Amino acid sequence: MRTLPPALAFLLISTFTAAADVTDPVKEVMKITEDNWNTIDSEWKYIFEADPLSRLFSKKFQGAYAEAAKHPAYDTENNQPGDPFGYDVITSSQDGCPLKDIKTTSAPGANGMTDVTVTFKMWTCVDEAAVKDSVNELHFDVIQEAGKPVIDDIHRVADGERDSVVEEMQSIAKGE
């Protein structure tokens, strides 16, 4: 039986443990969203605040957001660029219930992008069974940028159609 020199073994182990999972930025976005909807007692944390935006999203996404933010959905107190959305882009809603049954899966990467799918139930506090059991579906385009996985776009799926948050931000920036 052959043994690896200790330095080589350490290098291999540290290389594998340092590699970020492609689903990490998606899981963090979903954790923030889940926390937001779990209670009305804590302050809402926006996934597009400076820190998560700069760490979890691609430069392309950040640029589209910066341009769209020049057209806020509501007036800001300091006349600075504000949130261009008047709703939560993950749940596509202004109202909702605590998120349940959150599932994250990823497809094999292709052409430098990995499709990470998230499903969840959002209306679990509603009495109507069809609404209560409905499942939201999102697809996150995750790419590698500066050696780490980042979200390049978010697609919400409804009635078999996929939209694009980046395209929505581009439309907002154009004043459409």
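How each quantity is defined
- Residues numbered from 1 in each chain as written.
- Predicted model: local features only at pLDDT ≥ 70, side-chain atom pairs only at ≥ 80, totals over all residues.
- Heavy atoms only, no water.
- Helix = DSSP H or I, 4+ residues; strand = E, 2+ residues; numbered from the N terminus.
- Contact = heavy atoms within 4.5 Å.
- Areas by Shrake-Rupley, 256 points an atom, 1.4 Å probe, with all protein chains shown as cover.
- Disulfide = S-S within 2.5 Å.
- Buried < 20%, exposed > 50% of the residue type's maximum accessible area, 1.4 Å probe, protein only.

**Q** Explain the overall build of the chain residue by residue, including any values.
**A** Across its full length, the chain carries 6 helices and 5 strands. Taken from the N to the C terminus, the helices and strands of the chain come in the order α-α-α-α-β-β-α-β-β-β-α. Long-range pairs, those at least 24 residues apart, make up 50% of the contacts in the chain between residues at least 6 apart in sequence. Entry remark: accessible area of the chain is about 10700 Å², with carbon and sulfur atoms responsible for 53%.

**Q** Any chance you could break down the state of the cysteines for me, citing the residues and the numbers?
**A** Under the criterion given, the structure shown has 1 disulfide. Paired by a disulfide, Cys97 and Cys125 hold their sulfur atoms 1.8 Å apart. Residues Cys97 and Cys125 share a disulfide whose torsion about the S-S bond is about -70°; that sign makes it left-handed. Of this pair, Cys97 sits in the loop between α4 (59-68) and β1 (100-106) while Cys125 sits in the loop between β2 (113-121) and α5 (129-132); the two residues are 28 residues apart in sequence, bridging distant segments of the chain. Residue Cys97 is classed as buried on the basis of its relative accessible area of 2%.

**Q** So what's going on with the side chain of Thr23? Residues and values would help.
**A** Along the chain, the position of Thr23 falls in the loop between α1 (6-18) and α2 (24-38). A relative accessible area of 6% places Thr23 in the buried class. If near-sequence neighbours (up to four positions away) are discounted, Thr23 is found in contact with Thr104, Ser106 and Val116.

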